[in-house]
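Residue-level structural notes
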Amino acid sequence: MPPFDELLLAVMLLLLAAASLFDRHLVRACCWFVTFALAVALSWAWLGLVWLALLELVLGAVLTGAFLFHALGVMPTATQPRGLLTHWHDPVALPWPRVLMRLFPALAVLAMLGLALMEVSSGSLRPAGLGLLGMGLWAFALHHHLLRRLLAFNVIGTGIFLILMSLIDSRALAVAHGLVVTGLAVALLGTALGALLIRRLEALEASHHVVYRTNGRPT
């Protein structure tokens with residue numbers, strides 16, 4: 001039975017990730033993600049990985065959060081997204097059978113990964129890592145909104161990092177540390193690229209609407 005503080009930390013990570021992935025308000029969803037990244041930094045510190053916690057704080061919370069809000073074109077205190085981004089809504093909520101159908105691939109991945117890890121000694125935050133991985137895969141398949149998929153991409157990465165660190169013993173800690181740092185840098189670059197592409201698409205859509213209103217037809 002895992003310690004109570006470990007269970008509490010895992011539950012907190014899962015709840016914050018769920019809030020960031022499924023909150024319908026985009027600005028609030030990004031705020032939830034920044035809080036989630038801070039909780040991940042706390043998790044690394046709890047595991048004794050102070051440098052990893054500091055990097056998560058800078059790369060995961062501060063810089064990734066900044067790129068997410070840049071994609072929205074707003075500050076965290078904004079009450080709603082600005083400009084044409086407000087028209088990029090997800091489609092009408094899917095019927096539950098289709099929602100569950102999109103959940104099955106994520107559950108299949110979790111089942112296969114769980115079976116592969118059964119014979120390995122349990123890590124402290126492995127259940128949270130598996131949960132984040134499954135939740136992120138489901139959200140990525142469920143949402144069509146570009147920013148929501150960007151959030152799911154980051155949650156998936158965090159789940160993978162937690163699983164990776166749970167498999168490493170003290171002798172290979174430096175190697176695992178390097179892999180996670182590299183992963184954090186790649187995730188940040190991916191988020192930056194995604195945010196810039198979203199802003200570019202928004203600018204192209206704005207230009208398209210201006211031309212449409214001026215000429216009365218799309219070009």
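The preceding data block contains the structure.
On a predicted model such as this, the values are computed, not experimentally measured, just so you know. (Residues numbered from 1 in each chain as written. Predicted model: local features only at pLDDT ≥ 70, side-chain atom pairs only at ≥ 80, totals over all residues. Heavy atoms only, no water.)

**What to know about the side chain of His143**
Within the secondary structure, His143 is located in the loop between helix 5 (126-142) and helix 6 (146-166). A distance of 2.9 Å separates a polar side-chain atom of His143 from the backbone oxygen of Leu21. (Helix = DSSP H or I, 4+ residues; strand = E, 2+ residues; numbered from the N terminus. Polar contact = N/O pair within 3.5 Å; in protein donor to acceptor, adjacent residues only side chain to side chain.)

**A word on the packing of aromatic side chains**
Each aromatic ring pair is summarised here by two numbers: the centre-to-centre distance and the angle between the ring planes. Within the structure shown, the criterion is met by 2 aromatic pairs. With centroids separated by 5.8 Å and ring planes inclined at 45°, the aromatic side chains of Phe33 and Phe36 adopt a geometry described as tilted. In this pair, Phe33 and Phe36 both sit in helix 2 (residues 26-46), 3 residues apart, roughly one turn of the helix. The ring of Phe140 carries Arg149 above its face, with NZ or CZ at 4.9 Å from the centroid. (Phe/Tyr/Trp six-rings, centres within 6.5 Å; stacked < 30°, edge-to-face > 60°. Lys NZ or Arg CZ within 6 Å of the ring centre and 35° of its normal.)

**What to know about the side chain of His145**
With respect to the helices and strands, the residue His145 is situated in the loop between helix 5 and helix 6. Separated by 3.1 Å, the side chain of His145 and the backbone nitrogen of Leu147 make a polar contact.

**Here's the deal with a nonpolar patch on the surface**
On the surface, Leu38, Val50, Trp51, Leu54, Leu57, Val58, Val62 and Leu63 cluster together into a nonpolar patch covering about 730 Å² of accessible area. Mapped onto the elements, Trp51 comes out in helix 3 (residues 50-72). The exposure class of Trp51 is exposed, given its relative accessible area of 64%. (Patch = residues over 30% accessible without salt bridge, like charges linked within 9 Å, V, L, I, M, F, W, Y side chains within 5 Å. Areas by Shrake-Rupley, 256 points an atom, 1.4 Å probe, with all protein chains shown as cover. Salt bridge = Lys/Arg side-chain N within 4 Å of Asp/Glu carboxyl O. Buried < 20%, exposed > 50% of the residue type's maximum accessible area, 1.4 Å probe, protein only.)

**Let's talk about the packing of helix 4 (residues 96-117) against helix 5**
What describes two packed helices is the angle between their axes and the distance between those same axes. Where helix 4 meets helix 5, the closest approach of the two axes is 9 Å, and the angle between their N-to-C directions is 150°. Judged by the inter-axis angle, helix 4 sits roughly antiparallel to helix 5. As helix 4 packs across helix 5, the resulting crossing turns out to be right-handed. Residues Val99, Arg102, Leu103, Ala106, Val109, Leu110, Leu113 and Leu117 of helix 4 form the contact with helix 5, whose participating residues are Arg126, Leu130, Leu133, Gly134, Leu137, Trp138, Ala141 and Leu142. (Axes fitted to C-alpha atoms, helices over the stretch in contact; angles between N-to-C directions. Parallel < 35°, antiparallel > 145°, perpendicular 65-115°, else oblique. Left-handed = near helix turned anticlockwise from the far one by under 90°. Contact = heavy atoms within 4.5 Å.)

**Examining the environment of Ala71**
For Ala71, the position within the fold is in helix 3. Each C-alpha atom, one on Ala71 and one on Leu196, is 6.6 Å from the other, the two residues being 125 residues apart in sequence.

**What to know about helix 2**
Here helix 2 contains 21 residues, and its C-alpha end-to-end distance of 30 Å stays within 8% of the 30 Å for a straight helix at 1.5 Å per residue. Backbone geometry just downstream of helix 2 places Gly48 in the positive-phi region, at approximately 85°. (Expected span 1.5 Å × (residues − 1).)

**Structural notes on the nonpolar core**
Counting residues in each nonpolar core, the largest one holds 43 residues, and the members touching the most others are Phe36, Trp44, Leu72 and Leu147. For this core, the secondary structure elements donating two or more residues are helix 1 (4-22), helix 2, helix 3, helix 5, helix 6 and helix 7 (173-215). Looking at which element gives the most residues to this core, the answer is helix 2, with 9 residues. (Core = buried A, V, L, I, M, F, W, Y, C linked by side-chain atoms within 4.5 Å.)

**A short note on the packing of helix 2 against helix 3**
In contact at an axis separation of 8 Å, helix 2 and helix 3 are set at 170° when each is read in the N-to-C sense. Considering their axes alone, helix 2 and helix 3 lie roughly antiparallel with respect to each other. Where helix 2 abuts helix 3, its residues Leu26, Val27, Cys30, Cys31, Phe33, Val34, Ala37, Leu38, Val40, Ala41, Trp44 and Ala45 lie against Leu52, Ala53, Glu56, Leu57, Gly60, Ala61, Thr64, Gly65, Leu68, Phe69 and Leu72. Among the residues forming the contact of helix 2 with helix 3, the class breakdown is 19 nonpolar, 3 polar and 1 charged. (Nonpolar A, V, L, I, M, F, W, Y, C, P; charged D, E, K, R; others polar.)

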